[in-house]
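If you want the building blocks of each chain, they are given just below.
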Amino acid sequence: MNNIKIKNYQIFLFSFLFSVNIFALDKLDSTPFVLTQNEKNWIETHPIIKVGVDKDYAPYEWLENEEYKGLAVDYMKRIEKIVGIEFQIVKNKSWNEIINMAKNGEIDMITSIVQTPERSKYLNFTEFYRKCPVIIIDRGNNGFIGGLKYLNNKKVSIEKDYFMEEILRTNYPNIKLQVVDSTKKALELANSGEVDAYVGDLGLADYLIKKNNLSNLRFSGQTEYFSDQGFAVTKNNSELLSILNKAVKSLPEDETENMFNYWLSVERGIDVKTIVFYIIGITFILLSIIYWVYRLRSEINQRKIIEDKLKQSESLYRQLTEDVNDVIWKVNTNFIVTYISPADERFRGFNASEVIGKSIFELFTDESIILLNEKLKERFELLQKGNKLPPLKIELQHKCKDGTIIWGEILSKQEFDENGNIIGYHGITREITERKKLQEKIEQLAYCDTLTKLPNRRSLEDKINFIMSKSERSQKYCALVFIDLDNFKPLNDTYGHNVGDILLIEVANRLKSSIRKLDAVARIGGDEFVIVLDEFDEDIKTSKENIFKVVEKIRIYIAQPYKFSIINEDKENIDIEHHCTASIGICMFKGEQESSINIFKCADSAMYESKESGRNTIKFF
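Thresholds, definitions, all that
Residues numbered from 1 in each chain as written. Predicted model: local features only at pLDDT ≥ 70, side-chain atom pairs only at ≥ 80, totals over all residues. Heavy atoms only, no water. pLDDT = per-residue confidence, 0-100. Contact = heavy atoms within 4.5 Å. Core = buried A, V, L, I, M, F, W, Y, C linked by side-chain atoms within 4.5 Å. Buried < 20%, exposed > 50% of the residue type's maximum accessible area, 1.4 Å probe, protein only. Helix = DSSP H or I, 4+ residues; strand = E, 2+ residues; numbered from the N terminus. Polar contact = N/O pair within 3.5 Å; in protein donor to acceptor, adjacent residues only side chain to side chain. 1 Å grid on protein atoms, 1.4 Å probe; cavity = no way out; pocket = protein on both sides within 12 Å on 5 of 7 lines; lining within 4 Å. Points joined across faces, edges and corners; volume = space filled by probe spheres on them. Nonpolar A, V, L, I, M, F, W, Y, C, P; charged D, E, K, R; others polar. Pairing = 2+ DSSP bridges. Axes fitted to C-alpha atoms, helices over the stretch in contact; angles between N-to-C directions. Expected span 1.5 Å × (residues − 1).

Asks: Is there a simple way to think about the confidence of the model for the protein chain in this case?
Replies: Regions with low pLDDT carry predicted coordinates that are not meant to be interpreted in detail. Of all residues in the protein chain, 89% attain a pLDDT of 70 or more, and the chain-wide mean is 83. This stretch, residues 1-28, has a pLDDT under 50; its non-local contacts, to residues over four places away or in other chains, come to 112 contacts. Contacts of residues 266-271 to residues separated by more than four positions or lying in other chains number 14 contacts, the stretch itself having pLDDT below 50.

Below, the structure is given as structure tokens:
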């Protein structure tokens, strides 16, 4: 199961990319470690440096079995060898105590800390050695958040005395902060729904989510901030600051990355590189839309100015519009096209003579015509009530001359005569086919299991909530069926994971062909599948009998032999016949008497009872 369920909701044309290295500061080449005589003298008179370390900041630094460990601690030990002085950790102090000791000059240095205006009053900072995005994490109940401005008037958990507390209080005063003593506690508040979101370091959150199995949480947006962490020294240690900066620059890049990757690797948490890929992709799309809106508004304003100046010069107007990539058009009050720019020929393949005089509804697919009519009906009702209508903005599918379908985004405004009566409409259409494809791809990644193409757990939760609501009205029984394959691991161990994947795909196909149209099947991880069976009967006994008949057919179908043909490492064809049964647990439910979480737990419990009863059986909770 993914630790953070990434769903891009899906949003997102910008003209530039940027990339982030979340492991370490990009360096061209290492610099030789050479000290001045004053710096050498300073080291001789200061052989021991008192260091403050956060004992609860895994995987960067933490205390475990009386030993400090983590990314920052390893980095400090490497610097210690280069400089030739002893870093002595001040032990058993909380982060708040460490900060206060730094303010009072009771320690010389802090290992991993982000520079803020407040901290700069009593600390000097080295160049940062690690750069990590600050992200937003939530339960995913209210759609994709995207950025901090959407958290105004929301409850957000944050760690006490961590750098994001100071940033949020200063720059986002309308966010309601819930300040707690640890990152674990802050994530638990988000996981339980006591707060709307958590904001913090990606690497830190990833580690704790996996370690504490906070499976409700998911990535929900990137902020404009980064956790740029480095060493910090107290104000009376300027020589130490210079020495540390030289030591940091002297470390080879590959050595630094290997050190960081050890603690931030995929095996220790979520696939950070994958998260970065999505962060870059989402950010690109978001910024693209911002740029697109800005450009679109600028063009509309510019065109209005041009139209006002060139009302008497239709030929010059055409010369201007011929060079615009977007399609400019005008229709009368009966929605008959009276003008369309030459860009439509590049857009859909029709020249102007084939479009002018035709109804605008001939441009779109049947589904888009229905959508447009609904939108026009809403606007007409608003107009009847005396409301001023804003420009119409809508995405519709357009029919092309070659029979293909493309997406266009339409921005339209009314035209008025001197008495304020509507005499027609004008607007522009921009092709967004590639953007729609990207949105659909992101949607698929968020809701589908990549191997079997079945819905994932997140998609299943939406389905079960819908069925529960439906059952609440009808008072008919439904069921959640938990399926675990009995003989899956030996196949993997004998033939490898590729063959195991083939089996999972075949099981998924059998399950899809076994259920009714109103039912739903999903893969929730490993060799575990879940089926939601829609309404049966109001009588519990009748429903149980019918549910058993349906599930028994599924059990028998799953147990039929699986035959595969593979090529082994010696390029030999091998035919495999595998027998795989399933242990099945069922939890019946009616309406919304129980939460979906409890229904999952009950079905899971019944499945384990089935396994303990000899497997290849069906058990009701």
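Back to the write-up after that little detour.
Asks: I tried to follow the nonpolar core on my own but got confused; where do I start?
Replies: Counting 72 residues, the largest nonpolar core has Tyr 75, Ile 79, Phe 87, Met 109, Leu 187 and Phe 231 as the members making the most contacts within it. Per element, the largest residue contribution to this core is eight residues, and it comes from helix α2 (residues 71-83). The contact partners of Ile 79, leaving out residues within four places of it in the chain, are Phe 87, Phe 231, Leu 244, Ala 247, Val 248 and Leu 251. In this structure, Ala 479, Leu 491, Leu 503 and Phe 536 belong to the second largest nonpolar core, which totals 35 residues.

Asks: I would appreciate a short explanation of the side chain of Arg 430 in the present structure.
Replies: Of note, Arg 430 is situated in strand β17 (residues 422-431). Exposure remark for Arg 430: the relative accessible area of 7% places this residue in the buried category. A distance of 2.6 Å separates the side chain of Arg 430 from the side chain of Asp 326, its partner in a polar contact. In this view, Arg 430 contacts Trp 292, Arg 295, Glu 299, Asp 326, Trp 407, Gly 408 and Glu 409; residues no more than four positions away in its chain are not counted.

Asks: Help me out: how do you make sense of empty space enclosed by the protein in this one?
Replies: Remark: the empty space left among the atoms is shown by a probe the size of a water molecule rolled over them. Looking at the largest cavity, its volume works out to about 70 Å³. Looking at the lining of the largest cavity, the element that brings in the most residues is strand β6 (residues 109-114), giving three residues. Across the lining of the largest cavity, the residue classes break down as six nonpolar, two polar and two charged. Taken together, Tyr 57, Glu 159, Tyr 162, Phe 163, Met 164, Tyr 198, Gly 200, Asp 201 and Leu 204 make up the lining of the second largest cavity. Counting only elements with at least two residues in the lining of the second largest cavity, the list comes to α4 (163-171) and β11 (197-201). Of the residues forming the lining of the second largest cavity, the biggest block, three residues, is contributed by β11. The residue inventory of the lining of the second largest cavity, partitioned by class, reads six nonpolar, one polar and two charged.

Asks: When you look at the sheet that holds strand β13 (residues 327-331) in this model, what are you seeing that I'm missing?
Replies: Across a sheet, strands are paired by hydrogen bonds formed along the backbone, either parallel or antiparallel in direction. As summarised here, the arrangement of the five strands in space is β14-β13-β17-β16-β15, forming an open sheet in which the pairing is antiparallel. Either end of the sheet is taken by a strand with one partner, and the two such strands are β14 (337-340) and β15 (392-399). Across the sheet, the mean angle separating the axes of adjacent strands is 30 degrees when strand polarity is ignored. Where β13 meets β14, three bridges bridge the pair, whose relative direction is antiparallel.

Asks: For this particular structure, what's the right way to read unusual backbone geometry?
Replies: Backbone phi values are negative for most residues with the exception of glycine, while trans is the configuration of most peptide bonds. The amide bond that connects Ala 58 to the next residue, Pro 59, takes the cis arrangement and shows omega of 10 degrees. Take Pro 59: it is sitting in the loop between β2 (56-57) and β3 (61-64). In this structure, Asp 161 takes a positive phi of about 70 degrees despite not being glycine. Mapping Asp 161 onto the fold places it in the loop between β9 (155-159) and α4. Residues other than glycine seldom take positive phi values, yet Asn 213 does so here, at roughly 55 degrees. Along the chain, Asn 213 turns up in the loop between α6 (202-211) and β12 (218-234).

Asks: So what exactly am I meant to see when it comes to α2 here?
Replies: Since there are 3.6 residues in each turn of an α-helix, residues three or four apart along the chain are aligned in direction. The first and last C-alpha atoms of α2 sit 19 Å apart over 13 residues, in line with the 18 Å expected at 1.5 Å per residue. When α2 is considered as a whole, its buried residues turn out to be Leu 71, Ala 72, Val 73, Tyr 75, Met 76, Ile 79, Ile 82 and Val 83. Of the residues flanking the end of α2, it is Gly 84, one or two places downstream, whose phi is positive at about 85 degrees.

Asks: In this structure, what is going on with the sheet that holds strand β4 (residues 67-69)? I would like to understand it.
Replies: Pairing is antiparallel across the open sheet formed by three strands, whose spatial order is β2-β3-β4. This sheet does not close on itself; its edge strands, each paired only once, are β2 and β4. Pairing geometry for β2 and β3, over two bridges, is antiparallel. Opposite Asp 56, over in β3, you have Trp 62 as the bridge partner.

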